Amino acid sequence: MAAPRDGEFAALQSLLKAPSKDAVRQLCQECFSSPPAGLGPLALRACPGLAIGPEEAEQLVSALHNLTRHVVYRGLTRAEDILSLFPENFHQNLKNLLTKIILENISAWKSEAQASQISLPRLVDMDWRVDIKTSSDSISRMAVPTCLLQLKIQEDVALCENNPVVSALTVELSKETLDTMLEGLGRIRDQLSVVANK
Amino acid sequence: MGLLNFTRDPVPEAVSADMHNLNQLSAQQFSALTEVLFRFLTEPKEVERFLTQLSDFATMNKISLGPLKNIVKSILLVPNGALKRNLSPEQVRADFIALGLSEEKASYFAEQWKVNSPTLTRLAVGQTLMINQLVDMEWKFGVTAGSSELEKVGSIFLQLKLVIKKGSQTENVYMELTLPQFYSFLHEMERVKTSLESFS
């Protein structure tokens, strides 16, 4: 996410018309969380509160979105770093307010960005049950334990926006398969602890 | 013929004649034939080898292969039924005697049955229906270095590929887990293992 341009900072000055600091705070949060496609509607919603026209609102919302996303992208955590982004002649109080709001939200925003990053389908839940097979067409009496594992997998969040598709997959494992799987998982755990201890 | 243990259906006519022919074999010949049979039963995929061994047996003992195959078909009826019904060696012996096999040969066969039944039972259990059987698991884990939203990330991800047998085809399922999810998954799987072990 590139650094905001001077023109964008100019657009930010529209915030001076905001009714309260909380309104600014609210708008910052909404602008960060909104995907680029949602900025249009957001701008229209912001118009009445700020008493500005739709064009001005659009520029403001876009600038705020870019600014907040840029800070999160760069991972800036110190006030000085954020303050230095603003041009020299920017309104002092507004600059301090925006910096304060950004600092308040930065860790929540960082988690949000990480949670919505692209990935393979994610495991969201797992359930299991152990059955005992007592009979089958190949052998009339037996007592074989088997495990049924249900994995709930959610498709890539970015593709689904507000309606994540969760599919359930039920898998059957014999004891031998489970043992082999646990061996593999154990090896992963060992390697993870090697990496963690480095 | 009294009630048989290994089947409820009527036995084909030819079986009595086949048992009579079997009785003509010497103890040594019967023992060799039994060995060939059990080797096939414990490794049912080795059809070629079985047929070769039968043909060798036929040549060595001057028996024609055709009749020998019929005899073998008749004999195999008993162990196949016995496996399905979890018969004991005594029941197998009793069935062979009821079919017309000599006591000596029936006892010998029942003895071999006893020795081989753990392997055969395991095979039968292995053929039992499994839904979406997990056949393979591949994994990799790494570190996410950066993304379009965050220049530096440094979080660990784990990716699993599960190979699932659906009917006669296999399907690959890919998924990603976070570290806490992985530990909780591992923990749950260990609980499953304990549960399975307590029922074994």
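The rules we used
Residues numbered from 1 in each chain as written. Chains lettered and ligands numbered in written order. Predicted model: local features only at pLDDT ≥ 70, side-chain atom pairs only at ≥ 80, totals over all residues. Heavy atoms only, no water. Helix = DSSP H or I, 4+ residues; strand = E, 2+ residues; numbered from the N terminus. Rg over C-alpha atoms; globule rule 2.2 N^0.38 Å. Contact = heavy atoms within 4.5 Å. Areas by Shrake-Rupley, 256 points an atom, 1.4 Å probe, with all protein chains shown as cover. Lys, Arg positive; Asp, Glu negative; His and termini not counted. Charge placed at Lys NZ, Arg CZ, Asp CG, Glu CD. Buried area = accessible area lost by both parts, 1.4 Å probe. Salt bridge = Lys/Arg side-chain N within 4 Å of Asp/Glu carboxyl O. Polar contact = N/O pair within 3.5 Å; in protein donor to acceptor, adjacent residues only side chain to side chain. Buried < 20%, exposed > 50% of the residue type's maximum accessible area, 1.4 Å probe, protein only.

Asks: It is not clear to me how the overall build of chain A should be interpreted in this structure. Could you clarify?
Replies: A count of helices and strands for chain A gives eight helices and three strands. At 26 Å, chain A has a C-alpha radius of gyration far larger than the 16 Å of a compact globule built from 198 residues. Overall size of chain A, expressed as C-alpha extent along the three principal axes, is 85 × 40 × 25 Å. Sequence-distant contacts in chain A: of pairs separated by 6 or more residues, those separated by 24 or more amount to 58%. Counting every atom, chain A has about 10,400 Å² of accessible surface; 52% of that belongs to carbon and sulfur. The centroid of the 20 positive side-chain charges in chain A is displaced by 4 Å from the centroid of its 24 negative side-chain charges.

Asks: Would you mind going over the interface of chain A and chain B with me for this structure?
Replies: Bring the parts together and some accessible area is lost; that lost area is often taken as the interface size. With 54 residues of chain A in contact, the opposing surface of chain B contributes 55 residues. Both faces combined, the contact of chain A with chain B buries some 5,100 Å², and carbon together with sulfur accounts for 70% of it. Here chain A and chain B share four salt bridges between them. A salt bridge links Lys-193 of chain B to Asp-179 of chain A; the shortest N-O distance between them is 3.3 Å. Across the chain A-chain B interface, the total number found is 19 residue pairs in polar contact (both at pLDDT 80 or more). If you list the elements that add at least two residues to the side of chain A that touches chain B, you get α4 (54-74), α6 (92-115), β1 (122-133), β2 (144-154), β3 (166-173) and α8 (175-197) of chain A.

Asks: It is not clear to me how the pattern of salt bridges should be interpreted in this structure. Could you clarify?
Replies: Should their charged atoms come close, side chains of opposite charge can pair. Here the structure, examined in full by the defined rule, presents 21 salt bridges over all chains. In this structure, Glu-172 of chain A and Lys-133 of chain A form a salt bridge, with 2.9 Å as the shortest nitrogen-oxygen distance. Of this pair, Glu-172 of chain A sits in strand β3 while Lys-133 of chain A sits in strand β1; the two residues are 39 residues apart in sequence, bridging distant segments of the chain. For the pair Glu-172 of chain A and Lys-133 of chain A, one class covers both residues: buried. Here Glu-197 of chain B and Lys-193 of chain B are joined by a salt bridge, their closest N and O atoms 3.9 Å apart. Pair noted here: Glu-197 of chain B and Lys-193 of chain B are both in helix α7 (residues 179-199), with a separation of four residues, about one helical turn. Through salt bridges with shared partners, one network takes in Asp-22, Arg-25, Lys-100 and Glu-104 of chain A.

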